[in-house]
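Working through the structure, step by step
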Amino acid sequence: MSRTARLPLSLLRAAACTGIAALTLTACGPGSGSGSGSASAGSGDVKVGLITKTDTNPFFVKMKEGAEKAAKAEGVKLMTAAGKFDGDNAGQVTAIENMVASGAKGILITPSDSKAIVPAIEKAKAKGVLVIALDTPTEPESAVDALFATDNLKAGELIGEYAKAAMQGKTAKIATLDLAPGVSVGVQRHNGFLKGFGIEEKDPAVVCSQDTGGDQAKGQTAMENCLQKEPGINVVYTINEPAALGAYTALKAKGREKDVLIVSVDGGCTGTTAVKEGKIAATSQQYPLKMAAEGVKAVVTYAKDGKKASGYTDTGVTLISDKPQDGVTSKDTAYGLENCWG
């Protein structure tokens, strides 16, 4: 970092816009809008960084869109970076270092590894950079200045309550298709589902648990593995809708797609359509565009008057289903499709 810091500003911008360590950093200044993934830049001197887990997941595509629109409206420059895969902590560390060297006033980040990213965040904050986590809290949460995110515990709890009510007292054999170790959002959704269903970790009702990385193909493989272990599975919790659709494909191949209840989290347009089609029974919808837009505004406020955003801002979650259950508040897919993303 010290060697980079002594370079002329023009070289810093060039270096920051070069893909390094599996990350792509784009939209570093006026006129950098060519090519895929570049962001709009305003005429102001304030620079805002956005670092997502990947640039392919529709959730993060919408998050980036929200940041771009907010940056344009506020007249600030937006730098963006995304890892090649969910879990690319080394790439996110590099992105933070590049953005700090490029003069970012604030950085918005969805941590791939909630614990491992903390030292890099602390270094950025020590240089006066405002750091806000989006969607996924760090561990500890206090490592960042602020968190703008869905209440992921609540999101999981809503679909857990729904699944419990939908089972109507039947004996449940549950498969949980989770995210990956070390990612707080996955832990929170998983624990929320268990809480909503009224069971604890290691309850015998959970007959299979597999990590999917939130990937559809891995979700299908995980479901296939779970069905081999326990063919009688009748409830499937998934970390997100790609994993849910992978599970549905595996169940359909076994002729089980109509008698297994699948619940999920995200509320993307593809996932909400899957709820409408009956592939997923219910999903908890979250709002990534709002997270990013509010994050950009917070950096602008900090740049203008030095006021730092702090604490947790809940950006909302809504249970979406066309088969409502007594005692569980939900809205239908018409609402979901009006508010979906991707």
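Everything quoted here is computed from the prediction, not taken from an experiment.

Parameters at a glance
Residues numbered from 1 in each chain as written. Predicted model: local features only at pLDDT ≥ 70, side-chain atom pairs only at ≥ 80, totals over all residues. Heavy atoms only, no water. Helix = DSSP H or I, 4+ residues; strand = E, 2+ residues; numbered from the N terminus. Buried < 20%, exposed > 50% of the residue type's maximum accessible area, 1.4 Å probe, protein only. Contact = heavy atoms within 4.5 Å. Areas by Shrake-Rupley, 256 points an atom, 1.4 Å probe, with all protein chains shown as cover. Disulfide = S-S within 2.5 Å. Phe/Tyr/Trp six-rings, centres within 6.5 Å; stacked < 30°, edge-to-face > 60°. Pairing = 2+ DSSP bridges. Axes fitted to C-alpha atoms, helices over the stretch in contact; angles between N-to-C directions. Salt bridge = Lys/Arg side-chain N within 4 Å of Asp/Glu carboxyl O. Expected span 1.5 Å × (residues − 1).

Considering the overall build of the protein chain
When its secondary structure is counted, the protein chain shows 12 helices and 13 strands. By residue count, 54% of the 342 residues in the protein chain fall in the buried class. Long-range contacts, defined as pairs at least 24 residues apart, comprise 75% of the intrachain contacts of the protein chain with a sequence gap of at least 6. Within the structure as shown, the protein chain displays about 14,400 Å² of accessible surface, and the carbon and sulfur contribution to it stands at 50%.

Side note on the state of the cysteines
Applying the stated criterion across every chain yields a total of two disulfides. For Cys208, the disulfide goes to Cys226, at an S-S distance of 2.1 Å. In this structure, the disulfide formed by Cys208 and Cys226 twists by about -75 degrees around the S-S bond and is classed as left-handed. Taken together, the residues span a long stretch of sequence, with Cys208 in strand β8 (residues 206-211) and Cys226 in helix α8 (residues 216-229) at a distance of 18 residues. A single burial state applies to Cys208 and to Cys226, both of which are buried. The disulfide partner of Cys269 is Cys340, and the gap between their sulfur atoms is 2.0 Å. Disulfide Cys269 to Cys340: torsion about the S-S bond roughly 90 degrees, handedness right-handed.

Concerning the packing of aromatic side chains
With the rule as written, the count across this model stands at four aromatic pairs. When the centroid spacing of 5.3 Å and the interplanar angle of 85 degrees are considered together, the rings of Phe59 and Phe60 count as edge-to-face. One exposure class covers both Phe59 and Phe60, and it is buried. Relative to Tyr237, the ring of Phe193 lies with its centre 5.1 Å away and its plane at 25 degrees, an arrangement referred to as stacked.

What about the sheet that holds strand β10 (residues 261-266)?
Hydrogen bonding along the main chain pairs the strands of a sheet, whether they run parallel or antiparallel. If you walk across this open sheet you meet the six strands as β8-β7-β9-β10-β11-β13, and the pairing is mixed. The strands lining the two open edges of the sheet, one partner per strand, are β8 and β13 (318-320). Mean inter-strand twist for the sheet, computed between neighbouring axes without regard to direction, equals 15 degrees. Note that strand β7 (residues 174-178) and β8 share five bridges and pair parallel. Its bridge partner lying in β8, Asp178 is registered against Asp211. In the packing of helix α9 (residues 241-253) onto the sheet, the strands contacted are β7, β9 (235-238), β10 and β11 (282-285), and the crossing angle to β10 comes to about 160 degrees.

Brief notes about the pattern of salt bridges
Per the counting criterion, the structure on display carries 10 salt bridges. With a closest N to O distance of 3.7 Å, Lys173 and Glu230 form a salt bridge. Here Glu230 lies in the loop between α8 and β9 and Lys173 lies in the loop between α6 (152-167) and β7, a separation of 57 residues in the sequence. Put simply, Arg256 and Asp259 hold a salt bridge, and the shortest N to O gap is 3.0 Å. Residues joined in a network through salt bridges with shared partners are Lys62, Glu65 and Lys69.

Some thoughts on helix α11 (residues 288-305)
The end-to-end C-alpha separation of α11 is 26 Å, in line with the 26 Å expected for 18 residues at 1.5 Å each. Regarding α11, the residues found buried are Pro288, Met291, Ala292, Ala293, Gly295, Val296, Ala298, Val299, Val300 and Tyr302. Structurally, α11 contributes buried residues whose contacts are with β2 (47-52), α3 (58-74), β4 (106-109), β5 (130-134) and β6 (146-149). Looking at the residues trailing α11, positive phi occurs at Gly306, about 80 degrees.

Focus: unusual backbone geometry
Residue Pro140 is reached from Glu139 by a cis peptide bond, and omega for that bond is 5 degrees. As for its position among the elements, Pro140 is in the loop between β5 and β6. Backbone geometry at Asp135 places phi at a positive 70 degrees, although glycine is not the residue there. Relative to the elements of secondary structure, Asp135 occurs in the loop between β5 and β6. Its identity is not glycine, yet Lys202 carries a phi of approximately 70 degrees, on the positive side. Positionally, Lys202 belongs in the loop between α7 (184-197) and β8. In this structure Lys202 comes out as exposed when scored by relative accessible area, which is 78%.

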